[in-house]
Amino acid sequence: MKQLVILGAGTAGTMVANKLRRRLDEKEWAITIIDQDNAHHYQPGYLFMPFGTYKPAQIVKPRKQFIPKGVEFKIGEIDRVIPAQNHVLLANGTQLPYDQLVIATGTTPRPDQTSGLIGAEWRKSVHEFYTFEGSKSLADALETWQGGRLLIHITEMPIKCPVAPLEFAFLADAYFKKKGMRDKVELVYVTPLDGAFTRPLAARALGGMLQERGIALEPDFSIERVDEEAKTIVSYDKREIPFDMLVTVPLNMGADFVGRSGLGDDLNYVPVDKHTLLAKAWPNIFALGDASDIPASKAGSTAHFAVDVFADNFVRHVRGEPMGESFDGHANCFIESGDGKALLLDFNYETEPLPGSFPIPGLGPFGLLRERRLNHWGKLMFRWVYWNLLLKGRPLPIRTPMSMTGKVQKG
Ligand SMILES: Cc1cc2nc3c(=O)[nH]c(=O)nc-3n(C[C@H](O)[C@H](O)[C@H](O)COP(=O)(O)OP(=O)(O)OC[C@H]3O[C@@H](n4cnc5c(N)ncnc54)[C@H](O)[C@@H]3O)c2cc1C
């Protein structure tokens, strides 16, 4: 019996387990998936909890519910991979041999990597919404906050869901307006990028939306430390920005065991071929989802499109045939803009987010790079799609390779 071991039962790992169990003969391949606990979090929900849109119970379900029959689910902390011996070591000492390995252990916010971030003010006036606990405690803090200067801050790129801090800024603007206290709140968006976003057209559109809402933009800010006493963030070039409340996105890093196993780059992401997701260093290790170093958005949608391509390729790969499919870096992200509206971005390695309609030219119903109510409903509906279709590896009515249909190219 051959062994396929999947590390991480989050978005990507769960999809891989579902798609490959259907494709691989049960008499030939055993599949094992490992995670540190049995709680699957719908992470896009972390954006909404601080504003009361979702309650904690709506975004957590048992992982077991999504692991298909015929796949063994083990709970345990992964300590390291020993690639030269084809086995995984768990922290409890268990050794798991593999013929093929999928690393899908994602990326994690690491507030410990910025000096002064986790101190006496942590979860008091210094917050984050990239974890369940952080998002929940921010909800409590916002409910009673009397106003002042709120910084929405990104430590360093890449981060998962790179549009989430912008969405937070737009939702905060709408939230304080609704509470009748927008005039008591100064919103400042602080980013290491030179504009609101990475790609030119989107950066211009999103930068304009910050301006319209009276949200100041502080670009090119590379944080050195948080000065808790002075309540400022300080950059390497010695700029200081004061805050009453700081909502930061800490440095995101791949899992520590990836580094310990000699499989990662400086941020513990696994270097892979960006079209096949096969590790550059090992012919029987793939990295999917946020765990890899591909130059695409770290997003559930990217993981979904990549897993589609990977599943077909994997079957060929284990038969000794060339992998025929090529992942194009497709990402598809709704951006909440407040007041029940959202934008949609659809892009890949080669094509930046363009305006237009999606998926049908002229009709949509979703609007690309423009605010629409329907986009907002699309974003909220996605939670149902995630639990009921996406994780279970069921087909979605969106093409895997990005399509130019409906996109408007200028010039
Ligand atoms: C605030 C926020 C908003 C977001 N919004 C969107 C959105 O609107 N659209 C979108 O497409 N994406 C969004 N995302 C991103 C999306 O959630 C992630 O990109 C996606 O979950 C990545 O899937 P993954 O499988 O790579 O990682 P994860 O789903 O994070 O899974 C990794 C798994 O590995 C496990 N693991 C890690 N280390 C170990 C270890 N040592 N031992 C055992 N287990 C381990 C973890 O427990 C985890 O279950 C958002 C994320 C955040 C934080």
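Here, every reference points to the structure presented above.
Residues numbered from 1 in each chain as written. Predicted model: local features only at pLDDT ≥ 70, side-chain atom pairs only at ≥ 80, totals over all residues. Heavy atoms only, no water.

So, on to the site of the ligand. Taken together, 28 residues lie near the ligand, and Thr11, Ala12, Asp35, Gln36 and Asp290 sit nearest. Between glutamine 43 and the ligand, the recorded distance is 3.0 Å, taken from a side-chain N or O atom to an oxygen atom. Between an oxygen atom of the ligand and a main-chain N or O atom of aspartate 290, the distance comes to 2.8 Å. Alone, the ligand offers 1,000 Å² of accessible surface; in the complex the protein occludes 92% of this. Listed by contribution, the elements that provide at least two residues to the shell around the ligand are helix 1 (11–23) and helix 7 (300–318). When the residues that make up the shell around the ligand are grouped by side-chain class, the tally is eleven nonpolar, eleven polar and six charged. (Near = heavy atom within 4 Å. Polar contact = N/O pair within 3.5 Å; in protein donor to acceptor, adjacent residues only side chain to side chain. Areas by Shrake-Rupley, 256 points an atom, 1.4 Å probe, with all protein chains shown as cover. Helix = DSSP H or I, 4+ residues; strand = E, 2+ residues; numbered from the N terminus. Nonpolar A, V, L, I, M, F, W, Y, C, P; charged D, E, K, R; others polar.)

Another point: the packing of aromatic side chains. Scanning the entire structure with this criterion turns up 17 aromatic pairs. Look at tyrosine 42 and tyrosine 386: their rings are 4.9 Å apart centre to centre, the planes differ by 55 degrees, and that puts the pair in the tilted class. Taken together, the residues tyrosine 42 in the loop between strand 3 (39–41) and helix 2 (45–48) and tyrosine 386 in helix 8 (residues 373–390) connect sequence positions 344 residues apart. We note that tyrosine 42, like tyrosine 386, is buried. Ring geometry for tyrosine 175 and phenylalanine 176: centres 5.3 Å apart, planes at 75 degrees, overall edge-to-face. Members of the aromatic cluster, joined through ring pairs, are Phe51, Phe129, Tyr130, Trp145, Phe168, Tyr175 and Phe176. Positioned over the ring face of tyrosine 349 is lysine 274, at 4.5 Å from the centre of the ring. (Phe/Tyr/Trp six-rings, centres within 6.5 Å; stacked < 30°, edge-to-face > 60°. Buried < 20%, exposed > 50% of the residue type's maximum accessible area, 1.4 Å probe, protein only. Lys NZ or Arg CZ within 6 Å of the ring centre and 35° of its normal.)

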